[in-house]
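Notes for the structure review
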Amino acid sequence: MMASFIQLLLVLVLAIQALALTARDLFDVDFNANFLGGCQWAGEDKINRMLAESVTLANRGIEAVNDYGDPIKPEAKRLIDAWFKPQNADDRLAIRERFTRVRDWVQNGGPLSHDRNVRPRLFCHHGWAEKLKMESQYRDANGNYVSNLDGTPVLIRDVPDMVEARSIMANDMDLRINYIYPYWNRITRTYWFDKRYSNGGYNTGWCSGNVGAMTFHVQNVMASITLCPLGLGTTNQRPSNWVYHPLRETQPIPITSQQVAFNQMPPLSQIVTDLAPTAANLFHELFHLVLGSDNSAPPYPPGEVYQITPMLGLTFNLAIVNPETFVTVAVAYDYTRSIDRNPQGERVEFFTGYTTQG
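Model, not experiment: these values are computed from the prediction. Each chain carries its own residue numbering, running from 1 in the written order of its sequence. Side-chain atom pairs in this predicted model are given and counted only at pLDDT of 80 or more, local residue features only at pLDDT of at least 70, and totals for whole chains, interfaces and linings cover all residues. Hydrogens and water molecules were not included; the side-chain quantities draw on all heavy atoms of the structure.

1. Re the packing of helix H3 (residues 44-67) against helix H8 (residues 279-291)
Definition in use: Angles shown run from 0 to 180 degrees and are taken between the N-to-C directions of axes, each axis being a line fitted to C-alpha atoms and, for helices, limited to the stretch in contact. By the criteria applied, helices consist of DSSP H or I runs no shorter than four residues and strands consist of E runs no shorter than two, each listed in order from the N terminus. Roughly parallel means an angle under 35 degrees; roughly antiparallel, over 145; roughly perpendicular, 65 to 115; everything else is oblique. Each helix crossing is assigned a hand: it is left-handed if the near helix lies turned anticlockwise from the far helix by less than a right angle, otherwise right-handed if that turn is clockwise. By definition in these notes, contact holds between two residues if any of their heavy atoms fall within 4.5 Å. Gly is placed with the polar residues, together with every amino acid not listed as nonpolar (Ala, Val, Leu, Ile, Met, Phe, Trp, Tyr, Cys and Pro) or charged (Asp, Glu, Lys and Arg).
Two elements in contact, H3 and H8, have axes whose closest approach is 8 Å; the angle formed by their N-to-C orientations is 65 degrees. Relative to H8, the element H3 lies roughly perpendicular. As for how H3 packs across H8, the hand of that crossing is right-handed. On H8, the residues touching Ile47, Met50, Leu51, Glu53, Ser54, Leu57 and Ala58 of H3 are Ala279, Leu282, Phe283 and Leu286. Looking at side-chain class alone, the contact of H3 with H8 contains nine nonpolar, one polar and one charged residues.

Here it is as structure tokens:
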């Protein structure tokens, strides 16, 4: 009896350890207001649920790598080979290591390995960032506008360091320079350059366009994740307008892998991204935050890849730094291991990009 009790207690302890920390544990975040990108509208409970499901997804990714080559679980090898194309055991270890680092940070928190001097922030809109123009008046480190001795304004375009920073960003993003805009960080009172994302004035930014979320990092200054309404399935910052979609909520609708191979898919064939939960958006951004941009962003071109067919075409060297590949594999393997086999003993799989069974 005592042994059974101790075993149960151990199971409970391990279950507690597997839980994610809360958003307040991991980030500087404001759940009391929406001002400057606050997360009141998104809801603290829902954000914490996203973090918990991110741990679940990371564990599924680790499980897929661990199951690779297991003759009883051939689905793992087919999935990993299709999406990552590892050439050897070291490649597979690299995949597992990235899943593990993201999971461990969500469970334990602490400094980011690539920038130990900043505590990350979590925003739920781009309101903390002000989009400007090169013709806008330049501000100093205190946020005060700068003028020449004769009283005329110093413009951003008049500051050589700003002109150089814009040119570097245009080159890094492989964009024409007129597509690169200055942004003012209302929190840290610093500038950075990025693409336009949307038309409009100083209150528009990436959440005004078709972006679901964004991770922003300046060494020793600020690391942050911004979740946008679009990424949470809504169009505005009204808490009543968005519904949380948990992992495994969407039922798989499989077809046979032969139908995909011979391009005989029914019109409503289901791709793996159709099954992604709300948490997938935050899970994606955690790879950027935890691993750093050098390890989570393919170079331009192609840059980050989100579409199924291009993702399946990535080489290992590109897939290993493409966060959406990790998200897709984790969601896919979670369904593979969670959904019952069909009468023929076959599991749902996603190595084709579509939901298949048999």
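2. Some thoughts on empty space enclosed by the protein
Applied cut-off: Buriedness for pockets is judged along seven lines, at least five of which must meet protein on both sides within 12 Å for an open set on the 1 Å grid over protein atoms alone, while cavities are sets there where a 1.4 Å probe fits but cannot get out, and lining residues have an atom within 4 Å of a point. Grid points are joined across faces, edges and corners, and a volume is the space filled by probe spheres set on the points.
Inspection of every chain in the model, using the stated rule, returns one cavity of 30 Å³ or more. Lining the largest cavity are Glu75, Leu79, Tyr333, Thr336, Glu349, Phe350 and Phe351. By residue class, the composition of the lining of the largest cavity is four nonpolar, one polar and two charged.

3. Considerations on the packing of aromatic side chains
Using the following cut-off: Paired rings are identified among Phe, Tyr and Trp, the last through its six-membered ring, by centres lying within 6.5 Å, and are further divided according to the angle between planes into stacked (under 30 degrees), edge-to-face (over 60) and tilted (the rest). When accessible area is computed with a 1.4 Å probe and restricted to protein chains, residues below 20% of their type maximum are described as buried, those above 50% as exposed, and intermediate ones as partly exposed.
The tally for this structure, following the rule as stated, stands at 20 aromatic pairs. Taken together, a centroid distance of 6.0 Å and an interplanar angle of 80 degrees make the contact between phenylalanine 99 and phenylalanine 287 edge-to-face. Of this pair, phenylalanine 99 sits in helix H5 (residues 89-108) while phenylalanine 287 is found in helix H8, placing the two residues 188 residues apart along the sequence. Classification of phenylalanine 99 as buried rests on a relative accessible area of 0%.

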